[in-house]
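# Descriptive structure summary
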Amino acid sequence: MTSNEIQKFDKYTTAQLLKKCQVVFNAFIRNRDSGRTCISCGSWATPQAGHYMSAGHHSSLRFNEDNVNRQCLKCNNYLHGNLINYRIGLIKRIGEDRVKALEETPRQAHKWDRFTLIEKILHYKTKKQ
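Report on the accompanying structure. Computed from a predicted model, the values in this text were never measured in an experiment.

### Examining the nonpolar core
In terms of nonpolar packing, the biggest core is built from 15 residues, with Leu17, Phe25, Ile29, Phe63, Leu117 and Ile121 touching the most fellow members. Within the residue set of this core, elements represented by two or more residues are helix 2 (14-32) and helix 6 (114-126). With near-sequence residues (within four places) excluded, Phe25 lies in contact with Arg62, Phe63, Asn64, Glu65, Val68 and Tyr124. Counting residues in hydrophobic clusters, the runner-up holds 9 residues, among them Ile39, Met53, Leu90 and Leu102.

### Some points on the side chain of Gln22
In this fold, Gln22 is placed in helix 2. We classify Gln22 as buried; its relative accessible area is 12%. Excluding anything up to four places from it in sequence, Gln22 contacts His51, Arg62 and Phe63.

### Let's talk about the environment of Val99
Positionally, Val99 belongs in helix 5 (residues 96-103). Considering only alpha carbons, one finds Val99 and Asn77, 22 residues apart in sequence, at a separation of 22 Å. The contact partners of Val99, leaving out residues within four places of it in the chain, are Tyr52, Arg87, Leu90, Ile91 and Ile94.

### Let's talk about helix 2
Taking 1.5 Å of rise per residue, the 19 residues of helix 2 would be expected to cover 27 Å, and the 26 Å separating its terminal C-alpha atoms lies within 8% of that figure. Residues of helix 2 that are buried include every one of Leu17, Cys21, Gln22, Val24, Phe25, Asn26, Phe28, Ile29 and Arg32, and no others. Buried residues along helix 2 sit in contact with strand 1 (47-51), strand 2 (68-72) and helix 6.

### With respect to the environment of Thr105
Tracing the chain through its elements places Thr105 in the loop between helix 5 and helix 6. Beyond its immediate chain neighbours, meaning those up to four positions away, Thr105 contacts His58, Ser60 and Leu61. Within the structure, the side chain of Thr105 is placed 3.0 Å from the backbone oxygen of Ala101, a separation counted as a polar contact.

### Brief notes about the packing of aromatic side chains
The final tally for this structure, using the stated rule, is 7 aromatic pairs. Measuring from centroid to centroid gives 4.9 Å for Phe25 and Tyr124, while their planes differ by 80 degrees, and the two rings are edge-to-face. Pair noted here: Phe25 is in helix 2 and Tyr124 is in helix 6, with a separation of 99 residues, a long-range link. Across the pair, exposure class does not vary: Phe25 and Tyr124 are buried alike. Here Tyr52 and Tyr86 contribute two aromatic rings whose centre-to-centre distance is 5.4 Å and whose plane-to-plane angle is 35 degrees, an arrangement assigned as tilted. Separated by 34 residues along the polypeptide, Tyr52 in the loop between strand 1 and strand 2 and Tyr86 in helix 4 (residues 83-94) bring together distant segments of the chain. We classify Tyr86 as buried; its relative accessible area is 0%.

Thresholds, definitions, all that
- Each chain carries its own residue numbering, running from 1 in the written order of its sequence.
- Given that this is a predicted model, residues contribute local features only at a pLDDT of at least 70 and side-chain atom pairs are listed and counted only at 80 or more, while totals for whole chains, interfaces and linings are drawn from all residues.
- Calculation of side-chain values draws on the structure's entire complement of heavy atoms; hydrogens and water are dropped beforehand.
- Put simply, buried Ala, Val, Leu, Ile, Met, Phe, Trp, Tyr and Cys residues joined by side-chain atoms within 4.5 Å make one nonpolar core.
- Think of it in three bands: with a 1.4 Å probe and only protein chains considered, a residue is buried below 20% of the maximum accessible area for its type, exposed above 50%, and partly exposed in between.
- Secondary structure follows DSSP: runs of H or I at least 4 residues long count as helices, runs of E at least 2 residues long count as strands, and numbering of each begins at the N terminus.
- Here a residue-residue contact requires only that any non-hydrogen atoms of the pair lie within 4.5 Å.
- In this analysis, the expected span of each helix is defined as 1.5 Å times one less than the number of residues it contains.
- Pairs of N or O atoms within 3.5 Å make up the polar contacts considered here, provided that, within protein, one atom can donate a hydrogen while the other can accept it, and that residues adjacent in sequence are counted only when both atoms are side-chain atoms.
- When the centres of two rings from Phe, Tyr and Trp lie within 6.5 Å, Trp using its six-membered ring, the rings pair. Their planes under 30 degrees apart give stacked, over 60 give edge-to-face, and anything left gives tilted.

Nothing here speaks to function; it is geometry throughout.
This is the structure:
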């Protein structure tokens, strides 16, 4: 990461960078999973990036690629993640060991710093899949 890249983000607060990073990361997830159906119900409807372990309660997993997958609007928003079916789909996708590793991650607050967020924004803007 160069100083010019960092200077592009000088006008943003850390909270704004977190939101920007979430937008870029979610776009990456939707692109990565574009050929897949909703992990919870198998629908092709309105793709979103749905977290298995909530980003609010498990902020350290907010940008974990195993923790976030394509999910339809209904499952993600109206069924609060449809977590039982999400877990079944996640086991099929990444295996039980990796799912258990996510579930065993301690529930603790994670404070994201500016440089980590800028690094992630740049990373996910250029990462293909």
